[in-house]
Amino acid sequence: MTAAKARTRAGAPVASPMRFDLPGGALALLETSHDVPLVSFVVTLRCGSAVDPPGKAGLARIAMRMLRRGCEGFTSEKIDFRIDVLGAEMAVDTSHSSVAVHAQVIARNLEPFVGLVATMLSAPTFPADELERLKRESVAEIVEARDSDRVVAQKALQRTLFEGHPYSLSSGGTVPSVQNITREDVVAFYERYVVRRNIVIGIAGDVTAAKAPSIGERLLAGLREGEAAPDAVAEPTMRPGRRLLVVDKPERTQTQILVGTVGTSPHDDDHVPFVVSNAVFGGTFTSRLMKEIRSKRGWSYGASARAGVDRRRQSWVLWTFPAAEDSGPCLKLSIELMDAWVDGGVTPREIAFIQRYLVRSHAFDIDTASKRLHQGLDVECLSLPADYFSGWTDRVRAVTPESASAAVKNRLRTDDLLVVVVGTAAQVLEPLRSAVPRLSEVSVVPFDAE
Amino acid sequence: MSDPAATRHAWAAQANATAKHEHGTIHYEGAVAFGGETVHRYRLGNGLAVLVLVDASAPIVAYHTWFNVGSRHEHPGKTGLAHLFEHLMFGETEKLKAGVFDRKLEESGAETNAATWVDWTYYHELIPADRVRLAITLEAERMQHLVLREPQVASEKEVVANERRYRVDDDVEGLANELLYKTAFARHPYQWPTIGWMDDIKGFSPEDCVAFYQTYYAPNNATVVVVGDVKERALLTSIRDAYGAIPAQTIPAEDVTPEPPQVDERRLELHKPTASEKLLVAFKGPALGDADHATMTVLSEVLFGGRAARLYRSLVVEKELAIDVRGWVSTFRDPGLFECGATARGAHTVVEILPIFDDAFARVRADVVGEDELARAKARLELGSLQQLETVSGKAEQIGFFETVLGEPDHAFRRVEAYRRVTTSDLRRVARRYLVDGARTVLRVMPEPVMTTSSASAAAPP
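Please read all numbers here as calculations on a predicted model, not as lab measurements.

Quick word on the overall build of chain A
- Scanning chain A for helices and strands turns up 16 helices and 15 strands.
- Its C-alpha radius of gyration of 23 Å places chain A within 12% of the 22 Å reference for a compact globule of 450 residues.
- Counting only C-alpha atoms and orienting by the principal axes, one finds that chain A spans roughly 65 × 45 × 45 Å.
- Taking all 450 residues of chain A together, the buried fraction comes to 57%.
- For chain A, contacts bridging at least 24 residues in sequence account for 83% of all contacts bridging at least 6.

Pasting the structure below:
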């Protein structure tokens, strides 16, 4: 199936899930909806891959994936079968600031499924053979991910942009770092972080408010109180200069181009003006980037700019993917557009337009219980301001052209950029080099470098 | 107590008394249960079908327009036209300059996109409920008044060429899948990719696009699906006013050659830069409307669905020969494929994996599967079906897809019932019917050049 548009989406919005304090310092959030007989729950740790020890990147993800590889009374095989036969599914999602076990089940099987997950959480057996199996699986997944040029580009950007900072590490780890993880590491992670004070439970769907606390309590039964993980990650800084990193991959007919720098923090006074201005630049289908790169020139199927949100300042990234022969001109234009945006700001007309879009599209950010729940979880686990979502539309309305333009000028330095391009270097290196004025560094690495 | 159907009939008759166009009369065609909800079917005088499901759970509306045209309606040398045309539908109209369609929707907070596949093309808006009239007006405008000129067509051809590079030429799985269908089908249009061959994409003229538009973009070849927080009568009045003046067209009889039975095994290799070997095995499968389709879907789940499935367990967990396995019964109007795939792990090869596939196929032909395996597969499929109904967009997509391909807007629920009825002997019967060793297509993807970790090349100063 093919589609007319690459998805571009900007904005964010309101959430006010019901809150329950659970015994031992854990928190539960609830959003009910009885439209479909499904119940979702999320067991979220207040820490993520940023706590992975040196040389052990991927530990948080491996440790949480190990929960379903064996627990009291169940082998890995039995757990997999039991999850399926209950009409349920379970997956682990890891970011730098949190690890979440997502689960969903047909409502009639909620009770036995909660019992199974509770056993996995409180009585994992961490079989040594299963750990070795999971490590081999993870290594194979890391290698296979190199087939995706977009993933290769994103990893290279994150690794290089945040060099020396925990945000440089891939949450899934690297081949050597995963191989380096021991059972003792997994047990230590579990004992330190899978504790009540470090957990937020989210519940959404076909469940009543009266029943939710008992679900939360059952899930955490058997876990000790412990301590919440300290938040010791430093604020990242941007290395000066304009750098070009070409990730060399054979036989590419197009390139994946990322232009990145360190972006915004949700605690910045000018965070919302920054995000609003970024939506003008590259957050919608009619943004400046899409208009100039796709609509006018047909150079790329998509072009967008995204400002990541995390506890600390995350990356700001421009992304486009032109044909190899258009890569030089497309990169040149992208940087010129960025220069014009940072130096020249945005117009009152653009701001008025994007405010209408962001405020009116707010309805789609809260239309399901699951979306509302995840906003609540983000507030807790990313340490966002309490009214980050609930006050979002008011803050968007308050943005002026001046505040939006000032925010971008204040936060982005077009002299300090990292350009990452995945392509066939012999074909694209020189045109790319010529496309970026004032380059201070050019390097070429193979696509399988980590 | 009033009869809801009679009330709707009466309202339609009353509304027709003031209709401005004969094309724009409204006819109520009945209700269809959709789980615990109801889909009401209307039709305008010009043939436009309108399906409405009122869901006031959130103040939003999914507005879908499904056209009964896809890549099956194309011809060799003109492949990809349905998809290119879908792109062009976001362009200039007689009343709207280029870019205004999207700007108006974005300004209202709406999300809009479209998709094309072998049997259909659909356009969708997700829009705040108080703005639904905008979606109606814009969709009616581009159904009748699209402007197709050289600069726009030329630019959009470039965009589509880049989409093809992204999804196919630089994506080994996309390329392998394209080659699989090209090899498995010799006569039927399912042999060419919906995105089209690159040479065909580059060769389209505005005249090709105009002819396609005039042939297929007619109200009597479309279904509007509306799910969300709407007032049914006000919605229908707006639809009638917007679309009523559009005349019906004569839709040409379909010129599709049925695929002859495959009686040979077709083997081929693809050499590309990739991390590992990949295997695709495709048997000819049932059409979506065939009673065997649900049964084959259950069989696919037994073999491939989830970590406890037979082939996942064998190849990924126990023998560690593969990173993943997958199976899919194509959901096409005409008989398609039962696609089976695996990605080899590390230095392991397809030569090791294929015999394990074959053994699994032989076992389901020879023996009945366990009742516990059947229950597992059914539970997974029920979960998947419910997940597709969690949003108004999901409901609209299910209604529009099954209405367009099968004429059954409630088929999502019929399928769940069909899954429940499947027995272990049904699975063995379809395995014997479809998993025929001598009539399949086998594609092996091999890494080339050899992809090994190499040392970084020298950094070059600017």
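After that view of the structure, there is still more to cover.
Regarding the overall build of chain B
- Within chain B one finds 16 helices and 12 strands.
- Against the globule reference of 23 Å for 462 residues, chain B gives a C-alpha radius of gyration of 24 Å, in line with a compact fold.
- Each of the three principal axes of chain B carries a C-alpha extent, and together these read 70 × 65 × 45 Å.
- Here chain B, with 462 residues, has 52% of them falling under the buried criterion.
- Within chain B, residue pairs in contact and separated by at least 24 positions form 77% of the contacts whose partners lie at least 6 positions apart.

Structural notes on the domain arrangement of chain A
Residues and elements named next belong to chain A.
- According to the domain assignment, chain A contains domain 1 (18–220) and domain 2 (242–446).
- Counting residues at the interface gives 26 residues for domain 1 and 25 residues for domain 2.
- Elements with a minimum of two residues in the side of domain 1 that touches domain 2: β3 (27–32), β4 (38–45), α5 (149–161) and β9 (199–205).
- When residues of the side of domain 1 that touches domain 2 are assigned to their parent elements, the largest contribution, nine residues, is made by α5.

Regarding the sheet that holds strand β11 (residues 337–344) of chain B
All names here are of chain B.
- Taken in spatial order, the five strands make up an open sheet running β8-β12-β9-β11-β10, and their pairing is mixed. The open sheet has two edge strands with one neighbour each: β8 (266–272) and β10 (322–329). Taking each pair of neighbouring strands and ignoring which way they run, the sheet shows an average axis angle of 10 degrees.
- Relative to strand β12 (residues 440–447), β8 is paired through seven bridges, and the arrangement is parallel. Counterpart to K272 in the pairing with β12 is P447.
- Sheet strands touched by helix α11 (residues 310–318): β10 and β11. Its angle to β10, the strand with the most contacts, is close to 160 degrees.

So, the environment of V168 of chain B
Residue and element names in this part refer to chain B.
- Tracing the backbone shows V168 in helix α5 (residues 150–169).
- The buried category is assigned to V168, around which 23 C-beta atoms lie within 10 Å.
- Put simply, V168 and R103 are 65 residues apart on the chain and 30 Å apart in space, counted from C-alpha to C-alpha.
- Not counting the four nearest positions on each side in its chain, V168 is found in contact with G174, L175, E178, P193 and I195.

Observations regarding the interface of chain B and chain A
- Listed by partner, the interface residues are 70 residues for chain B and 62 residues for chain A.
- Of all elements in the fold, only α2 (81–88), α3 (100–107), β5 (111–116), β6 (121–128), α5 and α13 (371–387) of chain B reach the threshold of two or more residues within the side of chain B that touches chain A.
- Take the side of chain B that touches chain A: its biggest share by element is 10 residues, from α5 of chain B.
- The class makeup of the residues in the side of chain B that touches chain A is 29 nonpolar, 21 polar and 20 charged.

A short note on the confidence of the model for chain A
- Counting all residues, the mean pLDDT for chain A is 94, and 97% of those residues have values of 70 or more.
- Note that residues 5–15 of chain A has pLDDT below 50 and, in this model, 39 contacts with residues that lie over four places away or in other chains.

As for the environment of F364 of chain A
- Tracing the backbone through its elements, the reader meets F364 of chain A in the loop between α12 (348–360) and α13 (369–381).
- On the neighbour-count criterion, F364 of chain A (23 C-beta atoms within 10 Å) is buried.
- For the pair F364 of chain A and G222 of chain A, spaced 142 residues apart in the sequence, the C-alpha separation amounts to 38 Å.
- With sequence-adjacent residues up to four places away left out, F364 of chain A is seen in contact with I60, E111 and L126 of chain B.

Quick word on the confidence of the model for chain B
- For chain B, the mean per-residue pLDDT works out to 94, and 96% of the residues sit at or above 70.
- For this predicted complex, the interface confidence score (ipTM) comes to 0.92, while the overall pTM stands at 0.93.

Things to note about the nonpolar core
Residues and elements named next belong to chain A.
- Core analysis: the biggest nonpolar cluster contains 276 residues, and V247, V276, V419 and V420 have the highest contact counts within it.
- No other element matches helix α3 (residues 110–122), which puts eight residues into this core.
- Residues in contact with V419, not counting those within four places in the same chain, are R243, L244, L245, V259, L331 and V436.

Digging into helix α12 (residues 350–366) of chain B
All names here are of chain B.
- Here α12 contains 17 residues, and its C-alpha end-to-end distance of 24 Å stays within 8% of the 24 Å for a straight helix at 1.5 Å per residue.
- Buried within α12 are the following residues: V350, I353, F357, A360, F361 and V364. Across the axial projection of α12, the buried residues extend over an arc of 100 degrees, all falling on one side. More than 90 degrees from the buried face of α12, the exposed residues found are V351, P355, D359 and A366.

Comments concerning the pairing of β6 of chain B
All names here are of chain B.
- For β6, the tally of buried residues reaches eight of eight residues, placing the bulk of the element in the interior.
- Sheet topology note: the strand β4 (residues 60–67)/β6 ladder contains eight bridges and is antiparallel. Each bridged residue has a counterpart across the sheet, and for I60 the counterpart in β6 is P128.
- Note that β5 and β6 share six bridges and pair antiparallel. Across the sheet, T112 pairs through a bridge with E125, a residue of β6.
- Hairpin connection from β5 to β6: four residues lie between these consecutive antiparallel strands.

A short note on unusual backbone geometry
Residue and element names in this part refer to chain A.
- In this structure, E251 takes a positive phi of about 60 degrees despite not being glycine.
- Mapped onto the elements, E251 comes out in the loop between β10 (242–248) and β11 (256–262).
- Non-glycine residue S383 carries a positive phi angle of around 55 degrees.

What counts and how
All residue numbers refer to position in the chain's written sequence, counted from 1. Here the convention is simple: chains get letters from A, ligands get numbers from 1, in the order in which they are written. Residue-level local features of this predicted model are given only where pLDDT is at least 70; pairs of side-chain atoms are given and counted only at 80 or more, and the full residue set underlies all totals for whole chains, interfaces and linings. Helix numbering and strand numbering both begin at the N terminus, where a helix is a DSSP run of H or I of at least 4 residues and a strand a DSSP run of E of at least 2. The globule rule is 2.2 Å times the number of residues to the power 0.38, and the radius of gyration it is compared with is taken over C-alpha atoms. Around each residue's C-beta, the other C-beta atoms within 10 Å are counted; 20 or more make the residue buried, 12 or fewer make it exposed, and counts in between make it partly exposed. All C-beta atoms are placed from the backbone. By the convention adopted here, residues are in contact when the distance between their C-beta atoms, placed from the backbone, does not exceed 7 Å. For each domain, the first and last residues come from an automatic or database assignment. Paired strands, in this sense, are two strands between which DSSP finds at least two bridges. Lines fitted to C-alpha atoms define the axes, with helix axes restricted to the stretch in contact, and inter-axis angles between N-to-C directions lie between 0 and 180 degrees. Under the grouping applied here, Gly and all other residues not named as nonpolar or charged are polar, the nonpolar ones being Ala, Val, Leu, Ile, Met, Phe, Trp, Tyr, Cys and Pro and the charged ones Asp, Glu, Lys and Arg. For every residue, the predictor reports its confidence as pLDDT, a number between 0 and 100. Remark: nonpolar core denotes a set of buried Ala, Val, Leu, Ile, Met, Phe, Trp, Tyr and Cys residues whose joining runs through C-beta atoms within 7 Å. Here the expected span of a helix is defined as 1.5 Å times the quantity of residues minus one. Summarising the geometry, the arc corresponds to the directions from the helix axis toward the C-beta atoms.

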